[in-house]
Amino acid sequence: MTPKRKQRLYIVTAIVLLAALAVGLTLYALRANINAFYTPTQIATGEAPQGRQIRAGGMVRDGSVRRDNETLDAIFTVTDFDHDVTVHYQGILPDLFREGQGVVVMGAFDGEHLEASEVLAKHDEKYMPPEVTDALKASGRDVSGNRTGNLTSDSSATKAALDPQETP
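Note that the coordinates shown come from a computational prediction; the quantities given were computed from them, not determined experimentally.

> Lay out the overall build of the protein chain in plain terms, naming residues and giving numbers.
When you go through the protein chain residue by residue, the secondary structure sums to four helices and seven strands. Reading the secondary structure of the protein chain in the N-to-C direction produces α-β-α-β-β-β-β-β-β-α-α. Residues counted as buried form 29% of the 168 residues belonging to the protein chain. Restricting the contact set of the protein chain to residue pairs at least 6 apart, pairs at least 24 apart contribute 49%. Surface exposure of the protein chain reaches about 11200 Å², of which carbon and sulfur atoms provide 54%.

As structure tokens, then:
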């Protein structure tokens, strides 16, 4: 191999290694900033990672909001009407936060409850966060918890349980 070819080989190898290092560091940095959305059902079935930042959404269950009069602590339940997740939040809740409304919370799940770092409430009477709407549709429920019959799963047993008129 000629000295000129050897020099080109070293340059190309160095460029490839530097590019791989840059891509690796970028992916490592972005890994910590990815917040996946999970429904209360997914959290209850163990699909949500513990100790990592996640987003969870659903409806605030009626009668579940408890506030501490001495501090800014609030404990409430988020539901998709199949499963519930208890949320602990320390801070000022948004003005539009109330029971029976859609909410998205960001925080870490510790196996028992979600320790929220941020609570996002819907911004008007008709808006529902798209993730919450999709999660409720997937569970076959509407925003008030009533069954809609529009299940996205192919479980015939579940569909048969919802449809009282069975064909012989």
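> Describe the nonpolar core, with residues and values.
Ile43, Phe76, Val105, Leu114 and Val119 are the most contacted members of the largest nonpolar core, which has 20 residues in total. Looking at this core, the elements with two or more residues in it are strand E2 (53-60), strand E4 (73-79), strand E5 (84-90), strand E6 (102-109) and strand E7 (114-121). Setting aside residues no more than four positions away along its own chain, leucine 114 makes contact with Ile54, Ala56, Val85, Thr86, Val87, His88, Val105, Gly107, Ala108 and Phe109. Counting residues in hydrophobic clusters, the runner-up holds six residues, among them Met59, Val104, Val132 and Leu136.

> Summarise the environment of glycine 46; cite the residues concerned and give the values.
Turning to its location among the elements, glycine 46 is positioned in the loop between helix H2 (40-44) and E2. Sequence separation between glycine 46 and glycine 111 is 65 residues, and the spatial gap between their C-alpha atoms is 8.6 Å.

> I'd like a rundown of the pattern of salt bridges, residues and numbers included.
Any two side chains of opposite charge can pair if their charged atoms end up close together. Inspection of every chain in the model, using the stated rule, returns one salt bridge. Arginine 61 is the partner of aspartate 84 in a salt bridge, and the nearest nitrogen-oxygen pair spans 3.0 Å. Of this pair, aspartate 84 sits in strand E5 while arginine 61 is found in the loop between E2 and strand E3 (66-67), placing the two residues 23 residues apart along the sequence. By relative accessible area, which is 40% here, aspartate 84 ends up partly exposed. Exposure remark for arginine 61: the relative accessible area of 31% places this residue in the partly exposed category.

> Lay out the side chain of threonine 39 with the relevant residues and their values.
The residue threonine 39 is located in the loop between strand E1 (37-38) and H2 in this model. The class for threonine 39 is buried, based on a relative accessible area of 11%. Residues within four places of threonine 39 in sequence aside, it is in contact with Gly57, Asp80 and Ala135.

> Quick one: what's the story with a nonpolar patch on the surface, residue by residue and with numbers?
A cluster of nonpolar side chains, namely Leu18, Leu21 and Leu25, defines an oily patch on the protein surface of about 320 Å² accessible area. Residue placement: leucine 18 occurs in helix H1 (residues 3-31).

> Can you lay out the environment of valine 87 for me, pointing to particular residues and giving the numbers?
Assignment of secondary structure puts valine 87 in strand E5. Taking the C-alpha atoms as reference points, valine 87 and histidine 113, 26 residues apart in sequence, are found 5.7 Å from one another. Contact partners of valine 87, with chain neighbours within four places excluded, come to Ala74, Ile75, Phe76, Val78, Val105, Leu114 and Ala116.

Scoring rules and cut-offs
Residues numbered from 1 in each chain as written. Predicted model: local features only at pLDDT ≥ 70, side-chain atom pairs only at ≥ 80, totals over all residues. Heavy atoms only, no water. Helix = DSSP H or I, 4+ residues; strand = E, 2+ residues; numbered from the N terminus. Buried < 20%, exposed > 50% of the residue type's maximum accessible area, 1.4 Å probe, protein only. Contact = heavy atoms within 4.5 Å. Areas by Shrake-Rupley, 256 points an atom, 1.4 Å probe, with all protein chains shown as cover. Core = buried A, V, L, I, M, F, W, Y, C linked by side-chain atoms within 4.5 Å. Salt bridge = Lys/Arg side-chain N within 4 Å of Asp/Glu carboxyl O. Patch = residues over 30% accessible without salt bridge, like charges linked within 9 Å, V, L, I, M, F, W, Y side chains within 5 Å.

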